[in-house]
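Observations on the model geometry
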Amino acid sequence: MTGSRPLRPRLRALRPEAFGADPSGARLERIRRSPNFADGVFQNPVGARNRPSGSMAEFAKIYFHREQRVRRSPAAPIPVHPTTLADLAKPPVSGLRLTWMGHSSVLAEIDGRRVLFDPVWGERCSPFPFAGPKRLHPVPVPLASLGRVDVVVISHDHYDHLDLPTIKALAGTDTVFAVPLGVGAHLERWGVPADRLRELDWNESTKVAGLSLTATPARHFCGRGLRNQQHTLWASWVVAGDEHRIYHSGDTGYFPGFEEIGAEHGPFDATMIQIGAYSEYWPDIHMTPEEGMRAHLDLQGGTPHGTMLPIHWGTFNLALHPWDEPGEGTLTAAEGAGAAVALPIPGRPFEPNAADAPRLPWWRPFVAGAPAGGRVDGPSAVPALGAGSVAGTAARVGSAAAGGQEKSESVGSSRSWTAITCRAVRT
């Protein structure tokens with residue numbers, strides 16, 4: 001019709017802001033030239049199914065089972081460490097300090113610089129403020145109270161790793177963003193200037209504030225709109241300073257490439273490894289705690305070295321397993337391997353190889369049926385031993401469990417999946 005707008009731009013204008021933007025122009029041409037792009041999509045380093053396998057009827061039976069749903073949330077509020085700007089202003093003695101903010105969000109202070117991985121400060125990891133997985137604990141520290149951040153690193157564009165309100169808040173600072181190829185389209189739509197973007201393909205590196213950042217392979221997938229074009233890459237990341245090296249896995253299934261990454265860039269003083277939201281229904285795209293420990297050892301040349309920080313657990317309900325199971329599994333795997341793991345309460349800064357690094361299972365008093373007594377690692381928000389302390393917490397746990405409190409489950413947005421699958425897998 002003469003004078004009417006073409007349909008595609010009109011539809012694009014109606015696209016929710018949280019969906020981001022599709023790569024186009026020079027960015028899309030660069031994507032098409034990537035050695036990791038074939039048949040119109042980005043490819044995994046080894047084959048991976050990114051859609052659920054197995055019986056959907058059985059999946060639904062487990063998903064909606066009341067008792068198992070209750071176990072997917074803590075039975076009492078999870079405490080957080082009251083980190084302050086003053087705490088973070090003190091330089092780490094060793095030159096390396098990590099603060100796990102929950103899920104995959106980590107503030108890394110390395111050799112005088114500050115790196116923020118996968119920051120998610122939003123209340124829900126969802127395109128909508130009224131639906132989707134809701135936080136199981138508050139954010140430990142307001143985003144504005146973090147102080148200076150030299151570089152924000154994004155692993156991929158799923159909602160629990162790339163959060164619209166968080167990015168828009170950070171867009172108003174002067175921080176640089178290091179992102180996988182194609183993800184820059186989302187950030188530019190949300191107000192991040194192109195000159196503050198470092199957009200990398202696998203095995204490409206950039207320098208920011210004296211740090212070397214390298215995008216390394218991962219086994220996962222991408223997408224956040226109604227269409228999943230697989231035109232944005234997913235990555236793990238290596239960050240190297242003058243004295244220290246760290247690794248963030250992003251989301252990934254286990255694959256032999258961890259050995260290659262370790263041989264090229266390791267060993268690492270600390271690794272941040274995804275160990276939650278796994279399932280037998282999607283075994284190729286998320287790791288179990290046992291696989292996460294195996295990946296950590298591969299990255300370190302096959303022998304225990306450095307400290308592993310388990311991530312991607314404890315903050316959102318994104319799978320069928322009990323919320324505390326990833327922590328317990330990591331503890332067991334570490335004991336079996338003789339490897340050092342850090343188990344901080346959300347928000348507690350720690351130096352990975354220090355004698356006082358957190359090693360105790362802080363989550364146990366907040367599990368349904370938790371026994372009274374026993375040590376927990378954390379701040380004053382976690383009751384000390386004694387009358388009305390852990391015993392009282394356990395009593396509150398039991399009471400909450402009896403009340404059947406349930407939290408929101410997961411959401412997704414791929415048209416080709418069933419509604420149940422969409423709620424559980426897109427993470």
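Overview of the structure. (Residues numbered from 1 in each chain as written. Predicted model: local features only at pLDDT ≥ 70, side-chain atom pairs only at ≥ 80, totals over all residues. Heavy atoms only, no water.)

1. Quick notes on the pattern of salt bridges
Quick note on the threshold: Throughout this description, the term salt bridge denotes a Lys or Arg side-chain nitrogen within 4 Å of a carboxyl oxygen of Asp or Glu. Per the convention used, a helix needs a DSSP run of H or I reaching at least four residues, while a strand needs a run of E reaching at least two, with both numbered from the N terminus. Each residue gets one of three labels from its accessible area relative to the maximum for its type: buried under 20%, exposed over 50%, partly exposed in between, using a 1.4 Å probe on protein chains only.
Considering all chains together, one arrives at 11 salt bridges under this definition. Residue glutamate 29 pairs with arginine 32 through a salt bridge whose shortest N-O separation is 3.0 Å. With a gap of three residues between them, glutamate 29 and arginine 32 both fall in helix H2 (residues 25-33), about one helical turn apart. The class for glutamate 29 is partly exposed, based on a relative accessible area of 39%. Residue arginine 32 is classed as partly exposed on the basis of its relative accessible area, which comes to 48%. Its salt-bridge partner being arginine 49, residue aspartate 284 comes within 3.0 Å of it at the nearest N-O pair. Highlighted residues: aspartate 284 in the loop between strand E13 (270-274) and helix H9 (289-299) and arginine 49 in the loop between strand E2 (41-42) and helix H3 (56-63), separated in sequence by 235 residues. The class of aspartate 284 is buried, set by a relative accessible area of 12%. The exposure class assigned to arginine 49 is partly exposed, which follows from its relative accessible area of 44%. One network of salt bridges, in which partners are shared, links Arg27, Glu188 and Glu199.

2. What about the sheet that holds strand E6 (residues 151-153)?
Backbone hydrogen bonds hold the strands of a sheet together, and the pairing may be parallel or antiparallel. Which entries qualify depends on this criterion: The pairing criterion is simple: DSSP has to find at least two bridges between the two strands.
Read across the open sheet, the seven strands follow the order E8-E7-E6-E5-E4-E3-E16; overall the sheet is mixed. Strands at the two margins of the open sheet, each flanked by one partner only, are strand E8 (197-200) and strand E16 (349-350). Here strand E5 (residues 113-117) runs beside E6; their pairing, made up of three bridges, is parallel. The residue bridging valine 115 from the neighbouring strand is valine 151, located in E6.

3. Regarding the nonpolar core
Selection criterion: The set of buried Ala, Val, Leu, Ile, Met, Phe, Trp, Tyr and Cys residues whose side-chain atoms join them within 4.5 Å is what this entry labels a nonpolar core. Any two residues whose heavy atoms approach within 4.5 Å at even a single point are treated as in contact.
One finds Leu98, Val115, Phe117, Leu213, Trp237 and Ile246 to be the most contacted residues of the largest nonpolar core, which totals 68 residues. No other element matches H9, which puts four residues into this core. For leucine 213, the contacting residues outside a window of four places in its chain are Val151, Val153, Ala178, Leu200, Glu204, Ser205, Thr206, Val208, Trp237, Val238 and Val239.

4. Considering the environment of aspartate 251
Here is the rule: N or O atoms closer than or at 3.5 Å make up a polar contact, with two conditions inside protein: a donor-capable atom paired with an acceptor-capable one, and, for residues adjacent in sequence, both atoms drawn from side chains.
Relative to the assigned elements, aspartate 251 resides in the loop between strand E12 (245-248) and helix H8 (257-265). The spatial distance from the C-alpha of aspartate 251 to the C-alpha of glycine 276 is 9.4 Å, given a sequence separation of 25 residues. A polar atom in the side chain of aspartate 251 sits 3.0 Å from the side chain of histidine 161. Side-chain polar atoms of aspartate 251 contact the side chain of histidine 220, separated by 3.5 Å.

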